[in-house]
Amino acid sequence: MELGIFCSVFVSLILVFSAFLRVSGNAEGDALNALKSNLEDPNNVLQSWNATLVNPCTWYHLTCNSDNSVTRV
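Residues numbered from 1 in each chain as written. Predicted model: local features only at pLDDT ≥ 70, side-chain atom pairs only at ≥ 80, totals over all residues. Heavy atoms only, no water.

A. Quick look at the state of the cysteines. Per the stated rule, a full pass over the model turns up one disulfide. Across the disulfide from Cys57 sits Cys64; the S-S distance is 2.0 Å. Residues Cys57 and Cys64 share a disulfide whose torsion about the S-S bond is about -100°; that sign makes it left-handed. (Disulfide = S-S within 2.5 Å.)

B. Molecular detail of the environment of Ala51. Tracing the backbone shows Ala51 in the loop between helix H2 (27–37) and strand S1 (63–64). A sequence separation of 21 residues divides Ala51 from Asp30, and the C-alpha atoms of the two residues are 7.2 Å apart. Apart from residues no more than four positions distant in its own chain, Ala51 is found in contact with Asn33 and Trp59. (Helix = DSSP H or I, 4+ residues; strand = E, 2+ residues; numbered from the N terminus. Contact = heavy atoms within 4.5 Å.)

C. Just the nonpolar core, in detail. Membership of the largest hydrophobic core is limited to five residues, which are Leu32, Leu46, Trp49, Trp59 and Leu62. When neighbours within four sequence positions are excluded, Leu46 is seen to be in contact with Lys36, Leu39, Asp41 and His61. (Core = buried A, V, L, I, M, F, W, Y, C linked by side-chain atoms within 4.5 Å. Buried < 20%, exposed > 50% of the residue type's maximum accessible area, 1.4 Å probe, protein only.)

D. Representation of a nonpolar patch on the surface within the structure. Taken together, the side chains of Leu35, Leu39 and Val73 define a hydrophobic patch exposed on the protein surface, amounting to about 270 Å² of accessible area. Here Val73 is to be found in the segment after strand S2 (70–72). (Patch = residues over 30% accessible without salt bridge, like charges linked within 9 Å, V, L, I, M, F, W, Y side chains within 5 Å. Areas by Shrake-Rupley, 256 points an atom, 1.4 Å probe, with all protein chains shown as cover. Salt bridge = Lys/Arg side-chain N within 4 Å of Asp/Glu carboxyl O.)

This is the structure in structure tokens:
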């Protein structure tokens with residue numbers, strides 16, 4: 001019986017941590033923020049490029065596909 005409880009807890013922890021890892025970062029957003037930091041933007045056109053937003057597809061001046069991957073800047 002104790003082994004069953006241990007397995008349940010272990011599987012639950014794996015599911016929680018895997019969900020956290022999926023939400024905690026976005027490689028495309030990180031790359032776009034790195035690009036933004038190396039550009040001059042005197043008119044603040046890229047102000048919607050907010051690193052705290054999980055999905056860069058909500059930013060202006062980007063096009064994304066149905067999988068929420070950036071396809072055009």
